[in-house]
Amino acid sequence: QVQLVESGGALVQPGESLRLSCAASGSSFSTIDMYWYRQAPGKERDFVAQIRWDGRGIAYAGSVKGRFTISRDNARNTVYLQMSSLKPEDSAVYYCNTQYFGRSYWGQGTQVTVSS
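Small disclaimer: the values here were computed from a predicted structure and weren't measured. (Residues numbered from 1 in each chain as written. Predicted model: local features only at pLDDT ≥ 70, side-chain atom pairs only at ≥ 80, totals over all residues. Heavy atoms only, no water.)

S.K.: Teacher, can you tell me more about the packing of aromatic side chains here?
M.R.: Two aromatic rings are characterised by how far apart their centres lie and by the angle between their planes. Counted under the stated rule, the structure contains 4 aromatic pairs. Between the aromatic rings of Tyr95 and Trp106, the centroid separation amounts to 6.3 Å while the plane-to-plane angle is 90°, which identifies the pairing as edge-to-face. Of the two residues, Tyr95 is situated in strand 9 (residues 92–100) and Trp106 in strand 10 (residues 103–106); the sequence distance between them amounts to 11 residues. Here the aromatic cluster, defined as three or more aromatic residues joined through ring pairs, consists of Tyr37, Phe47, Tyr95 and Trp106. Here the guanidinium or amino end of Arg45 rests over the ring plane of Trp106, the centre of that ring lying 4.6 Å away. Over the ring of Phe29 we find Arg72; its NZ or CZ atom is 4.4 Å from the centre of that ring. (Phe/Tyr/Trp six-rings, centres within 6.5 Å; stacked < 30°, edge-to-face > 60°. Helix = DSSP H or I, 4+ residues; strand = E, 2+ residues; numbered from the N terminus. Lys NZ or Arg CZ within 6 Å of the ring centre and 35° of its normal.)

S.K.: Teacher, can you tell me more about the pattern of salt bridges here?
M.R.: Where charged atoms of side chains with opposite charge meet at close range, the side chains can pair. Enumeration over the complete set of coordinates arrives at 4 salt bridges. The partner of Arg38 in a salt bridge is Asp90, and the shortest N-O contact between them spans 2.9 Å. In this pair, Arg38 sits in strand 4 (residues 34–39) while Asp90 sits in the loop between strand 8 (78–83) and strand 9, placing the two residues 52 residues apart along the sequence. Each member of the pair, Arg38 together with Asp90, is buried. (Salt bridge = Lys/Arg side-chain N within 4 Å of Asp/Glu carboxyl O. Buried < 20%, exposed > 50% of the residue type's maximum accessible area, 1.4 Å probe, protein only.)

S.K.: Looking at this structure, I do not really get the state of the cysteines. What am I missing?
M.R.: Put plainly, two cysteines are in a disulfide when a covalent bond ties their sulfur atoms together. Enumeration according to the criterion identifies 1 disulfide in this entry. What pairs with Cys22 in a disulfide is Cys96, and their sulfur atoms sit 1.9 Å apart. Between Cys22 and Cys96 the sulfur-sulfur dihedral comes to about 55°; the bridge is accordingly right-handed. Of this pair, Cys22 sits in strand 3 (residues 18–24) while Cys96 is found in strand 9, placing the two residues 74 residues apart along the sequence. The pair formed by Cys22 and Cys96 is uniform in burial state, with each residue classed as buried. (Disulfide = S-S within 2.5 Å.)

S.K.: Explanation requested: the side chain of Arg38 in the structure shown.
M.R.: Residue Arg38 is classed as buried on the basis of its relative accessible area of 12%. At 3.4 Å, the side chain of Arg38 forms a polar contact with the side chain of Ser63. For Arg38, the side chain forms a polar contact with the side chain of Tyr94, separated by 2.9 Å. Contact partners of Arg38, with chain neighbours within four places excluded, come to Glu44, Arg45, Asp46, Val48, Ser63, Val64, Phe68, Glu89, Asp90, Ala92, Val93 and Tyr94. (Polar contact = N/O pair within 3.5 Å; in protein donor to acceptor, adjacent residues only side chain to side chain. Contact = heavy atoms within 4.5 Å.)

S.K.: How do you make sense of the sheet that holds strand 3 when you look at a structure like this?
M.R.: Strand pairing within a sheet occurs via backbone hydrogen bonds; the two strands may be parallel or antiparallel. Read from one edge of the open sheet, 4 strands run 1-3-8-7, paired in antiparallel fashion. Only two strands of the sheet have a single partner each, and these edge strands are strand 1 (4–7) and strand 7 (68–73). Each adjacent strand pair in this sheet contributes to an overall mean axis angle of 15°, direction not counted. Taken together, the 4 bridges between strand 1 and strand 3 define a ladder with antiparallel strand orientation. Among the inter-strand pairings, Ser7 is bridged to a residue of strand 3, identified as Ser21. (Pairing = 2+ DSSP bridges. Axes fitted to C-alpha atoms, helices over the stretch in contact; angles between N-to-C directions.)

S.K.: Explain the pairing of strand 4 to me, please; I cannot follow it from the model alone.
M.R.: Each regular strand shows side chains that alternate between the opposite faces of the sheet. In the sheet, strand 4 pairs with strand 5 (residues 45–51) via 6 bridges, with the strands oriented antiparallel. The residue of strand 5 that forms the bridge with Tyr35 is Gln50. Between strand 4 and strand 5, which pair antiparallel one after the other, the connecting turn spans 5 residues, and Gly42 there sits at a positive phi close to 75°. Here strand 4 pairs with strand 9 via 5 bridges, running antiparallel. Looking at strand 9, one finds that Trp36 is bridged to Cys96.

Below, the structure written as structure tokens:
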């Protein structure tokens, strides 16, 4: 079983930066791929970024490519999402996710609001 806890969400102004963290429990973190998703009010949960267990295999949604950077620290069981040049349309609850033995695990989410 895997437990995920996101943190780092905040209210920021357009153009500012923010770094989200997702801490995972368990000793298997270094063997699992990790994902970030986001969900705005009234909308579906959308894929944001992914990173393979070894730190490679990185991919981004087109809407964030060039502005967001996903990374991980396997020694700290943590995956990060560095967000820059934030826009109001980036406002959402951000979730981290992983698949482990055929089961999908989600954190509780962290709120990011981009507004002037």
